Amino acid sequence: MAAQDVVLPKIAILGAGIFVRTQYIPRLADKTDIVDLKAIWSRSEESAKAVVELASKYFPNIKCKWGDNGLEEILQDYSIKGVAVVLAGQAQVDISLRCLRAGKHVLQEKPASASICQAETALSLYKSLCSSVACPPIWAVAENYRFEPAFVEAKSLVNGIGDMMNVQVIVEGSMNSSNPYFSSSWRRNLTGGFILDMGVHFIAGLRMVVGCEITSVCSSCRHVDTTLPPPDNICSLFQLENGCGGVFIMAVSTSSPKIYWRVVGTKGTLQVERGNKDGRHGYVVSFYALDGTSQSVFHPFSGVDEELRTFVRDISQATYKEYEAEPRSSYIEGARDIAVLEAMLESGVKNGAPIHVRKF
């Protein structure tokens, strides 16, 4: 078959918000050789048309869909293999399940759910669906931190630190009025607010670096900045299943942003810190050895690009019975991030009472 005759997998995007405009469209624009973006859907015609105008430069045959009828048209279009669900956090799970029932592979933006209760119900429904069809649709969660080269490298380096002594995750954020997501109504109405929506990234990074699960937490939560939904500050002690303890500290908005993950061991220390180099934003991965030497490598952000490329690859090969989708994208991984944060928030409400993290 000639290269020009290759049929590319067709996908649709449900959602027309900031992240679709600034992240999805630019990153799909350089993947026209592996995927065909067939449609953009939004609840409103105006929003859908605005994004279609951006995307049509790269996908000239893209269709504009909106409202209930437009969504149904996408669900019934058998040429569309995959759907990216990029909607309000409270609405994503229900829409994702509709797409899965229609036989579509789904890449759903984080958070995986608005609560653990919702995630457990969704997983039960998904498992039931998968057991009833020969080739189950993929349900992936777009957690780009699991695809950032910095965290991939950190995961491989952590074995060199020896026995873990302690873990520190410090997040001093910059969610203020200059941030385009500051006025996002769904994030403000989400239980846990920005702590939950932003926090899943940092928990995903933590779980990936240490390579094991968090079993219990004790937290203190505060609401300091009244321009933000409560809580906006959290300090949590956590216990890993390997016996090591750690601390997770997050302030949603500060005057001096700083974000890092640090794992101290008997043979060395590993650190991943947000930073920039030569005008590019990314992470510096540093390893400090016992003899006083250290090595550092800078990795530019590329997680969103990598997770999209992985999803396209997965849906292209999903018809093969022996094929297994990328486990880092699995819905269950996203649910585990939610479980940790929900336990931290619950402990904060209960004045620091120890809370066991729900297992999946």
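Residues numbered from 1 in each chain as written. Predicted model: local features only at pLDDT ≥ 70, side-chain atom pairs only at ≥ 80, totals over all residues. Heavy atoms only, no water.

Description of the packing of aromatic side chains
This is how it is decided: The pairing test for Phe, Tyr and Trp rings, Trp by its six-membered ring, is centres within 6.5 Å, and the orientation test on the planes gives stacked under 30 degrees, edge-to-face over 60, and tilted for anything in between. For helices the rule is a DSSP run of H or I covering at least 4 residues; for strands it is a run of E covering at least 2, with both sets numbered from the N terminus onward. Per-residue accessibility, obtained with a 1.4 Å probe over protein chains only, is compared with the maximum for each type, and a residue is labelled buried under 20%, exposed over 50%, and partly exposed between these values. Geometrically, a charge over a ring is one whose NZ (Lys) or CZ (Arg) sits within 6 Å of the ring centre while staying within 35 degrees of the ring normal.
With the rule as written, the count across this model stands at twelve aromatic pairs. A centroid spacing of 6.2 Å and a plane angle of 45 degrees characterise the contact between Phe202 and Trp261, whose relative ring orientation is tilted. Placement of Phe202 in helix H8 (residues 193-210) and of Trp261 in strand S11 (residues 253-265) is noted, with a sequence separation of 59 residues between them. Trp261 shares its class with Phe202; the two are buried. Ring-pair connections join several aromatic residues into one group, and the members of that group are Tyr145, Phe151, Phe202, Trp261, Tyr283 and Phe301. Between Arg188 and the ring centre of Phe182, over which it is positioned, the NZ or CZ distance is 4.6 Å. Arg328 extends its terminal NZ or CZ atom over the ring of Phe147, reaching a point 4.2 Å from the ring centre.

Details of the pattern of salt bridges
To keep it simple, the criterion reads: The rule for a salt bridge is simple: a side-chain nitrogen of Lys or Arg has to be within 4 Å of a carboxyl oxygen of Asp or Glu.
Tallied over the entire structure, the rule returns 21 salt bridges. As a salt-bridge pair, Arg207 and Asp337 come within 2.7 Å of each other at their nearest N and O atoms. With Arg207 in helix H8 and Asp337 in helix H10 (residues 331-349), the pair connects residues that are 130 residues apart, well separated along the chain. A single burial state applies to Arg207 and to Asp337, both of which are buried. Here Glu273 makes a salt bridge to Lys258, at a shortest N to O gap of 2.6 Å. Placement of the pair is Glu273 in strand S12 (residues 268-277) and Lys258 in strand S11, with a sequence separation of 15 residues. Classification of Lys258 by relative accessible area gives partly exposed; the value is 36%.

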